[in-house]
Amino acid sequence: MNQASISPSKFSSRFKSFFRGNLGGWIVILAMVLLPFITSLISGQSISNLLANESGMAKFVQGLAIEIFILALYALSYDLILGVTGLLSFGHAMFFAVGAYLTGILLKSFGWSLWATLGMVLVAAIIQAILFAVVLPRVQGVTFALVTLGIASVFYIVIQSHEMSAYAGADVGLQGVVAPEFINAADHRMRFYFVTLGLLIGMYLLYKRFVNSPTGRVCIAIRENEKRALMLGYNTFYFKLIALTLASITAALAGCLHALFQPIVSPHTASMGFTIAALLMTLIGGVGTLSGALVGAAIYRLLEYGLKNIFGEQATFLLGVVYVLIVLFLPYGIIGTWKLRALQIRSGWQRLIGLVTGKPKQA
Amino acid sequence: MTSFVLYLRKNRTLLITASVLLLLLLLAIQGMETQDWVVTVLRSLSVAAVTFLVASGFSLIFGLLDVLNLAQGTLFMIGAYVAWTVYIRPDTFIDILTPFCFLIAGFTLLPLWDFLASRLTGKKILVRLWPWVGLLLAGFVLLFALRAYPITIWNPGVYSQSPGTYSLFADTGTRLIPPAETFGDGSAVLVLGGILLGSFLLAFSLAGLQNNRNAARVRKSLRLPWAYSVAFLAVFLVGLLVHLFNTPLTTAIVGLGSTWLFFIAILVALLTGVLLGSLIESTLIRPLYSRPIYQLMITLGLSAVGIELVRAIWGRPEFTMPKPEIFNGAGVNCPATTLAGVFQDHCSTILFMDSRIRVYNEIFIPLVGLIVLIGIWLLLQRTRIGMIIRAGVQDREMVEALGINVRRVFTFVFALGVGMATLGGALAGPSMGISTAMGESLLLNALIALAIGGLTSFPGAAVGSLLVGLMQQFIIKYGQIGIQLPFLAEPFKPTPPLVPASTVLLMVIILLVMPRGLLGRKE
């Protein structure tokens, strides 16, 4: 189609439909942008006070939101591998931890600039994706999960070893990452908040585009039936490699942000438990829905925070119970169930509106 | 002759891999003195036996049910904790028996509840609602009744009553038993009746739920097979008798001595595993057979819940489980030089070629592993249920089509697999030490062993466990004495982190060469 031939009116109508089609998304983005201001209003903090990075309710909420955004990036990348491409990987925490540790070590021990570090993280992410992909043509299904688990646990062991303690801090973790001044989360919380939010939105849109692109469609085909995709003449290995690389880059970026935000990187981020967290987040939201990963991350972090606040030590136990209950009773996750039920819910709404306004709508 | 050549050609990769592994082993043996490698091989047998106990259950479950039971490591740990409780604190064990028996009692009368639930008809909403109300009520009753029942337990927060302290005392030979708790307020009859009532209510409501789900059909007559009523009576009587003769029973069981207690502990751990396994399979795994990936997630969730539960009850610190007398003697003739000496003085170690071999770790555990291996092998090869299991591993649908109730076999296999894991935990308690992290490393070991041996292959689990054990122990030994590598002046000493890393590396290499593992089935 020729771009120039689109008349202004047609363009605006397209824009309108685009706007209307994603109304929910726009509202969420708007709410997220306004979140610091709203919380400051609620807690009675003045806007200038907020902009000057005074500590308070608003700053705390921003911190929590930043953690959620980072987790959402991480869960999003896992959803691309598991939900879209159908690869069950148990080594996903390694993707995250490599980004986090590399950022910390390069900034702290080597004094690199942020941009050089980012470039290095990117390179490392691509390398580790290729490392994971090396085993792909040989092993499938559960065996792939085991091999990735193996690779990730070697990384976990290495990062905790005493030989690396000068850089990685053994089992205490990497402490005191020196974030560059202009993006220091303690001094410029608001800036960090919007950087993370922007990155998350950008990544989400990129992922949406990826899934709807021909490449992404082939990835879905691999999930549904790899043999058939092969039969149709697609070299599935390359498509899996692309998905793995994209996921690895995203997760490493999330790890990088994590290291910058919390000046501490604990070895927990490389452990099996952190992979399970990714699984949990995608599961809560709905596997393969992308937006589910974001919702899942938010619920996971808020639930963890709330339960820890109320029950203290027993929070992990309760989280596990919640997890089991979700698996048993909400098999498609929140977004997945919502999508399945969307039609019923919409008609229910219309009936309700009809009842209120006295104008029953014909089905 | 031709068939032999054909066999060689068919299994070329396997034979090459096996010979490379053998060569590596020979090289490893060459690098150290005879006594060193004998001890190392014995130690690796010990590790292999414990790994095998977890891995074989895992492989059976995965082979037949297609469930990757990642809770196996946690169940292993629970086995160790249960064995510790029975072994160090038999009084607690006796105390728990009564409420446990009374809780079970309600479920032995399931046909009766089924019948009653099917006769309960009325408004649809009431029929749908009453089981939930019943569950709630049962929860309340049990909450109060179980709380009021006195169980002498430890307190992880207080040093003098922490599990670690009890272990220490047991290690020195004096078994510290705190004074038994008594009923504070409320009579015994009321509390016991409450537990029984709660159990009845629970079983009744669950039967009602089940009835609602399976489109309730009204049963005309009650058929209560006599076995059920006998089971009910037996469980009830055991519970009551244990309650009545609590104190004499405790003194009697403490008086048995640590050897008997230890074997009782192992048995109880095994039974706990079997019970837990059948419970998990029938309630949590069974609804999810149509959604395979969710089973995996539920086992993950279970393992997290299990670890937290253990932390809440036994506390976070690690503690040890002393070895029983029969493996811990220190007579005049110890360390023994012959096997006869072991039986006479119950020596803890044997002197073999100037190096000490621990009887429990390096002889008893591999022996149990071997017995279990042979036992399961016989079960699989010689019995009808074993035949069904083997057939099910090959083609589940076909077995179902032949009219065999595979679901019941599923429960059996799951219970068996979990039972073996808890047995492994109980055995590993004295040798590994007890901590909440012990399951994690063992699960990794077992997974590696399985991947090496072929996921669904039972002999593969044994071979894989053996390889993992050998690899780990030889690396540890070389970490002590150093290894002379070609281009290095100083001997290279592998550091402790290399131990798990080496097994993982072995797994990755073997999987890259043979994606189905050494003995895995070809598709």
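Conventions we followed
- Residues numbered from 1 in each chain as written.
- Chains lettered and ligands numbered in written order.
- Predicted model: local features only at pLDDT ≥ 70, side-chain atom pairs only at ≥ 80, totals over all residues.
- Heavy atoms only, no water.
- Helix = DSSP H or I, 4+ residues; strand = E, 2+ residues; numbered from the N terminus.
- Buried < 20%, exposed > 50% of the residue type's maximum accessible area, 1.4 Å probe, protein only.
- Contact = heavy atoms within 4.5 Å.
- Areas by Shrake-Rupley, 256 points an atom, 1.4 Å probe, with all protein chains shown as cover.
- Lys, Arg positive; Asp, Glu negative; His and termini not counted.
- Charge placed at Lys NZ, Arg CZ, Asp CG, Glu CD.
- Domains from an automatic or database assignment.
- Buried area = accessible area lost by both parts, 1.4 Å probe.
- Salt bridge = Lys/Arg side-chain N within 4 Å of Asp/Glu carboxyl O.
- Polar contact = N/O pair within 3.5 Å; in protein donor to acceptor, adjacent residues only side chain to side chain.
- Expected span 1.5 Å × (residues − 1).
- Bend = angle between axes of the 7 residues up to and from the residue.
- Patch = residues over 30% accessible without salt bridge, like charges linked within 9 Å, V, L, I, M, F, W, Y side chains within 5 Å.
- Phe/Tyr/Trp six-rings, centres within 6.5 Å; stacked < 30°, edge-to-face > 60°.
- Axes fitted to C-alpha atoms, helices over the stretch in contact; angles between N-to-C directions.
- Parallel < 35°, antiparallel > 145°, perpendicular 65-115°, else oblique.
- Left-handed = near helix turned anticlockwise from the far one by under 90°.
- Nonpolar A, V, L, I, M, F, W, Y, C, P; charged D, E, K, R; others polar.

## Some points on the overall build of chain B
Reasoning step 1: Secondary structure summary: chain B contains 21 helices and two strands in total.
Reasoning step 2: Within chain B, the proportion of its 523 residues that are buried is 49%.
Reasoning step 3: Counting contacts in chain B only where the partners sit at least 6 residues apart, residues at least 24 apart contribute 78% of the total.
Reasoning step 4: Accessible area for chain B stands at about 25700 Å²; split by element, carbon and sulfur atoms hold 69% of it.
Reasoning step 5: Taking the 34 positively charged and 22 negatively charged side chains of chain B as two groups, their mean positions are separated by 15 Å.

## Thoughts on the domain arrangement of chain A
Residue and element names in this part refer to chain A.
Reasoning step 1: One can read the domain layout of chain A as domain 1 (69-331) and domain 2 (332-363).
Reasoning step 2: On a C-alpha basis, the centres of domain 1 and domain 2 stand 36 Å from each other.
Reasoning step 3: On the side of domain 2, seven residues touch domain 1, which itself brings 12 residues to the contact.
Reasoning step 4: When residues of domain 1 are sorted by the area they lose upon contact with domain 2, T289, L330 and P331 head the list and together hold 50% of the total.
Reasoning step 5: Where domain 1 meets domain 2, there are zero salt bridges.
Reasoning step 6: Where domain 1 meets domain 2, there are three residue pairs in polar contact (both at pLDDT 80 or more).

## Observations concerning helix α16 (residues 333-357) of chain A
Helical geometry note: an α-helix holds 3.6 residues per turn, so side chains three or four residues apart project in the same direction.
Reasoning step 1: Relative to the 36 Å expected for 25 residues at 1.5 Å per residue, α16 of chain A spans 34 Å between its end C-alpha atoms, a close match to the ideal helical length.
Reasoning step 2: Residue R341 of chain A marks the point of greatest curvature in α16 of chain A, where the axis turns by about 60 degrees.

## Considering a nonpolar patch on the surface
Reasoning step 1: Together, W338, I345, W349, L352, I353, L355 and V356 of chain A make up an exposed nonpolar region whose accessible area comes to about 790 Å².
Reasoning step 2: Taking relative accessible area as the criterion, W349 of chain A reaches 51% and is therefore assigned exposed.

## Remarks on unusual backbone geometry
Reasoning step 1: Despite not being glycine, L290 of chain A has its phi angle at roughly 60 degrees, a positive value.
Reasoning step 2: Within the element layout of this structure, L290 of chain A appears in the loop between α13 (272-285) and α14 (291-311).
Reasoning step 3: A positive phi angle, near 60 degrees, is found at D66 of chain B, a position not held by glycine.
Reasoning step 4: Looking at the secondary structure, you find D66 of chain B in the loop between α3 (34-65) and α4 (72-88).
Reasoning step 5: On the basis of relative accessibility, which here comes to 46%, the residue D66 of chain B falls in the partly exposed class.

## Notes on the interface of chain A and chain B
Reasoning step 1: Contact with chain A, which involves 34 residues of that partner, is made by 34 residues of chain B.
Reasoning step 2: When the buried area of chain A at its contact with chain B is split by residue, R138, L146 and F317 of chain A rank highest and sum to 18% of it.
Reasoning step 3: Between chain A and chain B we count zero salt bridges in total.
Reasoning step 4: Where chain A touches chain B, the interface holds zero residue pairs in polar contact (both at pLDDT 80 or more).
Reasoning step 5: Taken together, the elements giving at least two residues each to the side of chain A that touches chain B come down to α7 (142-160), α13 and α15 (315-329) of chain A.

## A word on the environment of I153 of chain B
Residue and element names in this part refer to chain B.
Reasoning step 1: Tracing the chain through its elements places I153 in the loop between α7 (124-148) and α8 (163-171).
Reasoning step 2: For I153, a relative accessible area of 41% translates into the label partly exposed.
Reasoning step 3: Sequence separation of I153 and L22 is 131 residues, and the distance between their C-alpha atoms is 51 Å.

## Things to note about the packing of aromatic side chains
All names here are of chain B.
Reasoning step 1: Throughout the structure, instances matching the rule amount to 27 aromatic pairs over all chains.
Reasoning step 2: With a centroid separation of 5.9 Å and an interplanar angle of 75 degrees, the aromatic rings of F262 and Y360 are classed as edge-to-face. Of this pair, F262 sits in helix α12 (residues 258-285) while Y360 sits in helix α15 (residues 359-382), placing them 98 residues apart in sequence.
Reasoning step 3: Take Y360: its relative accessible area is 1%, and that puts it in the buried class.

## Brief notes about the packing of α4 of chain B against helix α18 (residues 406-432) of chain B
Residue and element names in this part refer to chain B.
Reasoning step 1: At a minimum axis distance of 7 Å, the contact between α4 and α18 shows a crossing angle of 55 degrees. Judged by the angle between their axes, α4 and α18 are oblique. Seen along the crossing, α4 lies across α18 with a hand that is right-handed. Taken together, the residues of α18 that come into contact with α4 (itself represented by Q72, L75, F76, G79, A80 and A83) are G417, V418, A421, T422, G424, G425, A426, A428 and M432.
Reasoning step 2: The residue makeup of the contact of α4 with α18, split by class, is nine nonpolar, six polar and no charged.

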